[in-house]
Amino acid sequence: MTKFRKLGRPAAHRVSMLRTMVSQLVKHERIETTVAKAKEVRRVADNMVQLGKEGTLAAARRAAAFVRGDDVLHKLFTELAYRYKDRAGGYTRLLRTHIRVGDAAPMAYIEFVDRENELREAKTPTPQPPQRVPLDPWTKSRASQQWASPKENQNSGSET
């Protein structure tokens, strides 16, 4: 069973709030909310982008059952699916901003990565290390050849 934040709300209110926040995130590509809500929205929004990348009818129906608005659904399956076609995951970024004055709640921006007017640029992907040649277990290593004592000839003892 997966763990999730309850956010101090009943289940119906929490799901309704997450649906609205994910829809607004897809529409505006950046929203400001509390850190706890942003972390929950990130989970659901990444799943919605994954459905958009699938592009099947079943995926479209699953996404339409969650997000609000046909324009949001269209953007999810066209613009965002094309933007993230080569990315394996991590479509959103969470940036902590300030402490809210009224209740001292930590606030954060949640935004899609690789878009215009980003608050912070995406990190360049780390280059893959060069491929190493697989070791042959039957050959001796250089260290063992260097430090091992030379073997005596086995045939010299049997020549009597």
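Below: a short report on this structure. Keep in mind that this is a model prediction, so the values were computed, not measured.

1. Side note on the packing of aromatic side chains
- All told, the structure shown has 2 aromatic pairs when counted by the stated rule.
- For the pair Y84 and F112, a centre-to-centre distance of 6.2 Å together with 40° between the ring planes defines the contact as tilted. With Y84 in the loop between α4 (70-83) and β2 (92-99) and F112 in strand β3 (residues 106-112), the pair connects residues that are 28 residues apart, well separated along the chain. Across this residue pair, the class does not change: Y84 and F112 are buried.
- Across the ring face of Y109, the terminal group of R30 is positioned such that the distance to the ring centre comes to 5.8 Å.

2. Description of the sheet that holds strand β1 (residues 30-34)
- Taking strand neighbours across the sheet as the criterion, the 3 strands line up as β1-β3-β2 in an open arrangement whose pairing is antiparallel. The outermost strands of the open sheet, each flanked by one partner alone, are β1 and β2. Each strand axis lies, on average, 25° off the axis of its neighbour in the sheet, ignoring direction.
- Two elements, β1 and β3, share 5 bridges in a ladder whose sense is antiparallel.

Calculation criteria
Residues numbered from 1 in each chain as written. Predicted model: local features only at pLDDT ≥ 70, side-chain atom pairs only at ≥ 80, totals over all residues. Heavy atoms only, no water. Phe/Tyr/Trp six-rings, centres within 6.5 Å; stacked < 30°, edge-to-face > 60°. Helix = DSSP H or I, 4+ residues; strand = E, 2+ residues; numbered from the N terminus. Buried < 20%, exposed > 50% of the residue type's maximum accessible area, 1.4 Å probe, protein only. Lys NZ or Arg CZ within 6 Å of the ring centre and 35° of its normal. Pairing = 2+ DSSP bridges. Axes fitted to C-alpha atoms, helices over the stretch in contact; angles between N-to-C directions.

By themselves these figures say nothing about function.
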